[in-house]
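# Observations on chain architecture
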Amino acid sequence: MKTRITELLGIEHPIIQGGMHFVGFAELAAAVSNAGGLGIITGLTQKTPDDLAREIARCRTLTNKPFGVNLTFLPVVEAPDYPGYVKAIVEGGVRIVETAGNNPAKWMPILKEHGITVIHKCTTVRHALKAESVGVDALSIDGFECGGHPGEDDIPNMILLPRAADELKVPFVASGGMADARSLVAALALGADGINMGTRFIATKEAPVHDNVKQAILAATELDTRLVMRPLRNTERVLTNAAVERLLATERTLGANISFADIAKEVSGVYPRVMLDGDMDAGAWSCGMVAGLIHDIPTVQELIDRIMQEAKRLIAGRLANLAA
Ligand SMILES: Cc1cc2nc3c(=O)[nH]c(=O)nc-3n(C[C@H](O)[C@H](O)[C@H](O)COP(=O)(O)O)c2cc1C
């Protein structure tokens, strides 16, 4: 299937694996790229720019297909060494970067100077237009359903994607709530050029996370995510657990007087404990509503092949029959 996204990125299938903290290691990125999609290493999961350089080199030993690196701009006072991470990306010969979290304008000159294709992930049409105006090559439009940070506007993809299609000139993929062939075909129908998946890729054989995480996603339904940190305007969609319910109780009690310090113990340093140690109640970790559509742990190749084969059947069968 050729779309503007497969052409832009030089990949076989219009399927991207979004950056995921403590999930997006070389093993997963390479598996997705080897299966014909675009795998993405999560930059900030690597403690230092040197660690990222080593992770990029490791990914090269696992695939000779294109892969990307995610750069998330965090709302923190003490910023990570972004210039160092960008240097590691450039010197590592990475051709594709997924930016997220904030306007990438500051980093566009250096990324473009090195011929890097930039996909910016955002949750509103106005942010997408802004990113387009500073020269990003593509967008990843993250609907309210998504795992991670859905923003503060709460527009689900059924509205957000056609709005994006009406406004944007550059190619874009649908992100948030994407799980299977139905998601892909619907996204294409709504005007997107492909899909970006997070949560679905965690429940795969190659995702280098503790089995408890995969089992938690299988056990979860679409009712089991919660929005935390909304009072701090840093909303995150997470899987509910004891720590999340405690966090929400604190938010209710403190109301507008809440500060990050009040909830830090439920959100700081949580990812390695959940993803690597399998301590499922360690704190709040991102998970999409799409968990309700995830019922197995296939290999990445099986997952992508299944999506592509069933998508073609859906288009040539059900939809063609309806049109006829
Ligand atoms: C566990 C987890 C960690 C994530 N970490 C990041 C991150 O560090 N940076 C980022 O840009 N997006 C992150 N995301 C968002 C994903 O890249 C993707 O946009 C989102 O998962 C799409 O929604 P879905 O989960 O419904 O597929 C994360 C998502 C999950 C589930």
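Structure: above.
Residues numbered from 1 in each chain as written. Predicted model: local features only at pLDDT ≥ 70, side-chain atom pairs only at ≥ 80, totals over all residues.

### Examining the overall build of the protein chain
Scanning the protein chain from terminus to terminus reveals 14 helices and 10 strands. At 19 Å, the protein chain has a C-alpha radius of gyration in line with the 20 Å of a compact globule built from 324 residues. Summarising its shape, the C-alpha atoms of the protein chain cover approximately 55 × 45 × 35 Å along the three principal directions. Here the protein chain holds 324 residues, and 47% of them are scored as buried. Long-range contacts, defined as pairs at least 24 residues apart, comprise 63% of the intrachain contacts of the protein chain with a sequence gap of at least 6. (Helix = DSSP H or I, 4+ residues; strand = E, 2+ residues; numbered from the N terminus. Rg over C-alpha atoms; globule rule 2.2 N^0.38 Å. Buried ≥ 20, exposed ≤ 12 C-beta atoms within 10 Å, placed from the backbone. Contact = placed C-beta atoms within 7 Å.)

### Brief notes about the packing of helix α8 (residues 181–189) against helix α14 (residues 300–323)
One way to put it is that α8 packs onto α14 with a least axis distance of 8 Å and a crossing angle of 55 degrees. Viewed along their axes, α8 and α14 adopt a mutual orientation that is oblique. Handedness of the α8/α14 crossing: right-handed. Residues A181, R182, L184 and V185 of α8 touch α14, and the partners they reach there are I307, E310, A311, L314 and I315. Of the residues in the contact of α8 with α14, the class split is 7 nonpolar, no polar and 2 charged. (Axes fitted to C-alpha atoms, helices over the stretch in contact; angles between N-to-C directions. Parallel < 35°, antiparallel > 145°, perpendicular 65-115°, else oblique. Left-handed = near helix turned anticlockwise from the far one by under 90°. Nonpolar A, V, L, I, M, F, W, Y, C, P; charged D, E, K, R; others polar.)

### Let's talk about the site of the ligand
The immediate surroundings of the ligand are formed by 29 residues, with G18, G147, G148, G198 and G288 found nearest. At the level of secondary structure, the elements contributing two or more residues to the shell around the ligand comprise β3 (67–72), β8 (195–197) and α9 (199–202). Tallied by class, the residues present in the shell around the ligand amount to 9 nonpolar, 16 polar and 4 charged. (Near = placed C-beta within 6 Å.)

### Side note on helix α12 (residues 260–267)
Inspection of α12 places I263, E266 and V267 among the buried residues, and these make up the whole buried set. Buried residues in α12, looked at end-on, bunch into an arc of 80 degrees, giving them a common side. Pointing more than 90 degrees away from the buried face of α12 are the exposed residues A261 and A264. Elements that come into contact with the buried residues of α12 comprise α11 (242–254) and α13 (270–276). G269 lies just past α12 and shows a positive phi near 65 degrees. (Arc of directions from axis to C-beta.)

### Notes on the sheet that holds strand β4 (residues 96–100)
Read from one edge to the other, the open sheet built from 8 strands follows the order β1-β8-β7-β6-β5-β4-β3-β2, with strand pairing classed as parallel. The open sheet has two edge strands with one neighbour each: β1 (15–17) and β2 (39–42). The mean inter-strand angle of the sheet, taken between neighbouring strand axes irrespective of direction, is 30 degrees. Bridge count between strand β5 (residues 117–122) and strand β6 (residues 138–142): 4 bridges; the pairing is parallel. The partner of K121 across the bridge, within β6, is S140. Where helix α6 (residues 125–133) meets the sheet, it contacts β5 and β6, and its direction lies at approximately 160 degrees from that of β5. (Pairing = 2+ DSSP bridges.)

### Here we look at the nonpolar core
Of all hydrophobic cores here, the largest spans 91 residues; its most connected members are A29, I41, V97, L139, I195, I202 and I217. Beyond its immediate sequence surroundings of up to four residues, A29 is in contact with Q17, G24, G39, I40, I41, C59 and F67. (Core = buried A, V, L, I, M, F, W, Y, C linked by C-beta atoms within 7 Å.)

### A look at unusual backbone geometry
Within the chain, F22 stands out as a residue other than glycine whose phi angle is a positive 60 degrees. By the secondary structure assignment, F22 is in the loop between β1 and α2 (26–34). Under the C-beta neighbour-count criterion, F22 is labelled partly exposed, with 19 such atoms within 10 Å. Even without glycine at this site, R233 takes up a positive phi of about 55 degrees. Residue position: R233 is located in the loop between β9 (225–228) and β10 (236–239).

### What about the pairing of β4?
Extensive coverage of β4 is indicated by the burial of 5 of its 5 residues. As paired elements, β3 and β4 share 5 bridges and run parallel to each other. Counterpart to G68 in the pairing with β4 is I96. Handedness of the crossover is the feature at issue here: the chain leaves β3, passes through helix α4 (residues 82–91), returns alongside β4, and the resulting connection is right-handed. Looking at chain direction, β4 and β5 are connected through 5 bridges and run parallel. Looking across to β5, one finds that A100 is bridged to K121. Read from β4 through helix α5 (residues 108–113) to β5, the crossover connection turns out right-handed. (Right-handed = clockwise from strand over helix to strand, strands pointing away.)

### Section: the environment of D137
Of note, D137 is situated in the loop between α6 and β6. D137 sits in the buried class, given 20 other C-beta atoms within 10 Å. The sequence separation of D137 and P171 amounts to 34 residues, and the corresponding C-alpha distance is 7.5 Å. When residues no more than four places from it in sequence are discounted, the contact partners of D137 are L8, T117, V118, I119 and V170.

### Some thoughts on the packing of helix α3 (residues 49–62) against α4
Put simply, α3 and α4 touch, their axes get as near as 8 Å, and they point 25 degrees apart. What the angle tells us is that α3 and α4 run roughly parallel. Handedness of the crossing formed by α3 with α4: right-handed. Here P49, L52, A53 and I56 of α3 lie close against α4, whose contacting residues are G84, Y85, K87, A88 and E91. Grouping the constituent residues of the contact of α3 with α4 by class yields 6 nonpolar, 1 polar and 2 charged.

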